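Fold and geometry: a report
Listed below, chain by chain, are the residues.
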Amino acid sequence: MMAPESKTEKSIDLHSSWLEYLQPEFELPYMRQLKQFLLQQKQAGKTIYPESKNIFNAFNTTPLNKVKVVILGQDPYHGPHQAHGLCFSVQPGVVAPPSLKNIFKEIERDFGFASPNHGCLQSWAAQGVLLLNATLTVEQARAGSHQGQGWEQFTDRAIQVLNEQCQGVVFLLWGSYAQKKRELINTSKHLILTAPHPSPLSAYRGFIGCGHFSQANKYLQQQAQTPIDWRLP
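So, here is what we can say about the structure in this document. Since the model is a prediction, treat every value here as computed from it, not as a measurement.

Here we take up the environment of proline 97. Tracing the backbone shows proline 97 in the loop between strand E2 (69-73) and helix H4 (98-111). Other than its neighbours up to four places away in sequence, proline 97 contacts Tyr77, Gln82 and Val90.

Turning next to empty space enclosed by the protein. Taking a probe equal in size to a water molecule and rolling it over the atoms shows the remaining empty space. Going through the model one piece at a time under the given rule, you end up with two cavities of 30 Å³ or more. What the largest cavity holds in volume is close to 80 Å³. When the residues that make up the lining of the largest cavity are grouped by side-chain class, the tally is nine nonpolar, four polar and one charged. Along its surface, the second largest cavity is lined by Leu72, Gly73, Leu132, Asn133, Ala134, Thr155, Asp156, Ile159, Tyr177, Ala178 and Lys181. Looking at the lining of the second largest cavity, the elements that each hand over two or more residues are E2, strand E3 (129-133), helix H6 (151-165) and helix H7 (175-179). In terms of residue count, H6 provides more of the lining of the second largest cavity than any other element does, three residues in total. Residues that form the lining of the second largest cavity fall into these classes: six nonpolar, three polar and two charged.

This part takes up the nonpolar core. Judged by nonpolar contacts, the single largest core of 72 residues is most densely connected at Leu14, Trp18, Phe59, Ile71, Trp124 and Phe154. Each residue touching tryptophan 124, except ones within four places of it in the same chain, is listed here: Ile71, Ile103, Phe104, Ile107, Val129, Leu131, Asp229, Trp230, Arg231 and Leu232.

Here we take up the layout of surface pockets. Here the largest pocket defines a volume of roughly 460 Å³. Taken together, 21 residues make up the lining of the largest pocket; nearest its centre are Asp75, Tyr77, Phe88, Ser99 and His197. Contributing elements (two or more residues each) for the lining of the largest pocket: E2, H4 and H7. Counted by class, the lining of the largest pocket contains eleven nonpolar, nine polar and one charged residues.

Right, let's talk about the packing of H4 against helix H8 (residues 212-222) for a bit. Here H4 crosses H8 at 60°, and the two axes come no closer than 8 Å. Classified by the interaxial angle, the pair formed by H4 and H8 is oblique. Residue-level inspection shows Ile103, Glu106, Ile107, Asp110 and Phe111 of H4 in contact with H8, the latter providing His212, Phe213, Ser214 and Asn217. Per-class residue counts for the contact of H4 with H8 are four nonpolar, three polar and two charged.

On to the pairing of E2. Burial runs high along E2: five of the five residues are buried. Burial of E2 is two-sided: the residues Val69, Ile71 and Gly73 facing one way and the residues Val70 and Leu72 facing the other way are all buried. One ladder, built from five bridges, connects E2 with E3; its direction is parallel. When the sheet's bridge partners are listed, isoleucine 71 is paired in E3 with leucine 131. Across three bridges, E2 lies against strand E5 (residues 170-174) in parallel orientation. Its bridge partner lying in E5, valine 69 is registered against valine 170.

Given a rise of 1.5 Å per residue, 14 residues ought to cover 20 Å, and the 20 Å separating the end C-alpha atoms of H4 matches this to within 8%. Looking only at H4, the buried set comprises Ser99, Leu100, Asn102, Ile103, Phe104, Glu106, Ile107 and Asp110. Those residues of H4 that are buried are in contact with helix H5 (122-127), E5 and H8. Immediately downstream of H4, the backbone of glycine 112 shows phi near 95°, a positive value.

The rules behind the values
- Residues numbered from 1 in each chain as written.
- Predicted model: local features only at pLDDT ≥ 70, side-chain atom pairs only at ≥ 80, totals over all residues.
- Heavy atoms only, no water.
- Helix = DSSP H or I, 4+ residues; strand = E, 2+ residues; numbered from the N terminus.
- Contact = heavy atoms within 4.5 Å.
- 1 Å grid on protein atoms, 1.4 Å probe; cavity = no way out; pocket = protein on both sides within 12 Å on 5 of 7 lines; lining within 4 Å.
- Points joined across faces, edges and corners; volume = space filled by probe spheres on them.
- Nonpolar A, V, L, I, M, F, W, Y, C, P; charged D, E, K, R; others polar.
- Core = buried A, V, L, I, M, F, W, Y, C linked by side-chain atoms within 4.5 Å.
- Buried < 20%, exposed > 50% of the residue type's maximum accessible area, 1.4 Å probe, protein only.
- Axes fitted to C-alpha atoms, helices over the stretch in contact; angles between N-to-C directions.
- Parallel < 35°, antiparallel > 145°, perpendicular 65-115°, else oblique.
- Pairing = 2+ DSSP bridges.
- Expected span 1.5 Å × (residues − 1).

Quick look at the structure:
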């Protein structure tokens, strides 16, 4: 959770725009307990995803003042070489998982351009799409293994900060888990779009056909914001 020690003191590896509001969280008991939990997991020889340097990738690629769209996930991928700190995204060269393939199918249906041949969403994050998992770490091959350890409190606080400090953000809430976060969002300031999860179990119950990507861009243009280019390089 912490960056390598500097010459003077340890610093938190979090973009300054977020740290301004989230730094107090790192001093609270729940965050200290979470840090201890992660340390114990590593000392026990367990493999944790993503790598430490990527835990806060979503915050560091998408500064608070640049956020236009928020996509909420639940957990990082728990297979080798997949997770790199952006929800739904996988590292370059890794085959897109089923849910991500369905996201690409909906974008193709919505805009007409072909699905990409990779699943790295770093370019979305760089344009202002905050790709935020509720839980920021996971043990290899054990989905949900780090839930309930404190990450949810931290990421809920991040959503509250977004809600308070920003205006005109589009929140894409897919599935019942993400939709529970709507209570943290002021709908008079922001746009919430909901749909079933893009998982193969539910994608054809309303995710495919939801039009969220074009709706998000239309709203951004109404807010005098540059729309997102949902094509991947």
